[in-house]
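Coordinate inspection notes
The lines below spell out each chain.
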Amino acid sequence: SSGINAEYGGTDVTMIGWGTVVHVLLEVAQMAQEQLGVSCEVIDLQTIVPYDAATIEKSVKKTGKAMVVHEAPLTQGFGAELAARLQEECFLHLEAPIQRVAGWDTPFPYIYEPFYLPDKWRCLDTVKKLAEYM
C-alpha cells in the first residue's frame, strides 16, 4: 500500500488533503465538474509522516495545478511543507502558484469552528482561481 488514495482521476487540478477534509474535497470535485467544468483529482494523503511524495508529484505534473487543504492554521501547517516540496520537484510543470486552503491564523472558540475550518465554498473558490489562472 502506498498510503495514498487518488480519487476521480482528474486532469485540471490536484487537490491534496487528509482526514476529514477529504470528504469536503470529494464534494468539491463533483461541484467543480458540474459548475465550472473543471476536472479535479483528489488525493487522500492517508499518512503525513511518511507521505507518498512520488504519487503527489506525478499527479501535479499531470494537472499542472495544485491545492493543499488542511484544518490546521495556514502558517507553519503541513501544507507549507507539501507546497515547498511540490515547488522543488514540479516547478517546470506548474501552470499556477500552488494554493493552500487552511484554518485561519487566529485562536478561535470552538463554537465558531464552522467559520474556521476550510469548507467546500472556500475550496471551490480556490479551484476556480486555479482554473482561471493565466
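Above: the structure in question.
Residues numbered from 1 in each chain as written. Predicted model: local features only at pLDDT ≥ 70, side-chain atom pairs only at ≥ 80, totals over all residues. Heavy atoms only, no water.

1. A closer look at the overall build of the protein
Definition in use: Helix and strand definitions here come from DSSP, where helices need a minimum of 4 consecutive H or I residues and strands a minimum of 2 consecutive E residues; each element is numbered from the N-terminal end. Two things to know: the radius of gyration comes from C-alpha atoms, and the globule rule equals 2.2 Å times the number of residues to the power 0.38. Any two residues whose heavy atoms approach within 4.5 Å are treated as being in contact. Residues counted as positive are Lys and Arg, residues counted as negative are Asp and Glu, and His and the chain ends are not counted. Where a charge sits is defined by one atom per residue type, namely NZ (Lys), CZ (Arg), CG (Asp) or CD (Glu).
Helices and strands together make up the secondary structure of the protein, namely 5 helices and 5 strands. Here the C-alpha atoms of the protein give a radius of gyration of 14 Å, agreeing with the 14 Å that 2.2 N^0.38 yields for 134 residues. Along the longest, intermediate and shortest principal axes, the C-alpha atoms of the protein span 40 × 35 × 30 Å. A separation of at least 24 residues holds for 77% of the contacts in the protein among residues at least 6 apart in sequence. The centroid of the 10 positive side-chain charges in the protein is displaced by 5 Å from the centroid of its 18 negative side-chain charges.

2. What about the environment of Ser39?
Within the secondary structure, Ser39 sits in the loop between α1 (21-36) and β3 (40-45). Each residue touching Ser39, except ones within four places of it in the same chain, is listed here: Gly10, Thr11, Asp12, Val13 and Gln33.

3. What to know about α1
We apply this condition: To estimate how far a helix should reach, multiply one less than its number of residues by 1.5 Å. The buried label goes to any residue with under 20% of its type's maximum accessible area, the exposed label to any with over 50%, and the partly exposed label to all in between, with areas taken from a 1.4 Å probe on protein chains only.
Here α1 is 16 residues long and its end C-alpha atoms lie 21 Å apart, about the 22 Å a rise of 1.5 Å per residue gives. Looking only at α1, the buried set comprises Val21, Val22, Leu25, Val28, Ala29, Met31 and Ala32. At its buried positions, α1 is contacted by β2 (13-17), β3, β4 (66-73) and α5 (120-132). A positive phi of about 70 degrees marks Gly37, the residue just after α1.

4. Regarding the nonpolar core
Applicable threshold: Take the buried residues of types Ala, Val, Leu, Ile, Met, Phe, Trp, Tyr and Cys, join any two whose side-chain atoms come within 4.5 Å, and each joined set is a nonpolar core.
Grouped together as the largest cluster of nonpolar side chains are 19 residues, with contacts concentrated most on Met15, Leu25, Cys40, Met67, Val69, Cys123 and Val127. Of all the secondary-structure elements, those providing two or more residues to this core are β2, α1, β3, β4 and α5. At 6 residues, α1 tops the list of elements feeding residues into this core. Excluding residues that lie within four positions of it along the chain, Met67 makes contacts with Thr14, Met15, Ile16, Gln99, Val101, Cys123, Thr126, Val127 and Leu130.

5. Points about the pattern of salt bridges
Quick note on the threshold: Any carboxyl oxygen of Asp or Glu within 4 Å of a side-chain nitrogen of Lys or Arg constitutes a salt bridge here.
Applying the stated criterion across every chain yields a total of 4 salt bridges. The partner of Glu57 in a salt bridge is Arg85, and the shortest N-O contact between them spans 3.1 Å. Of this pair, Glu57 sits in helix α2 (residues 53-63) while Arg85 is found in helix α3 (residues 78-90), placing the two residues 28 residues apart along the sequence. Glu57 sits in the buried class, given a relative accessible area of 11%. The partner of Lys128 in a salt bridge is Glu132, and the shortest N-O contact between them spans 3.2 Å.

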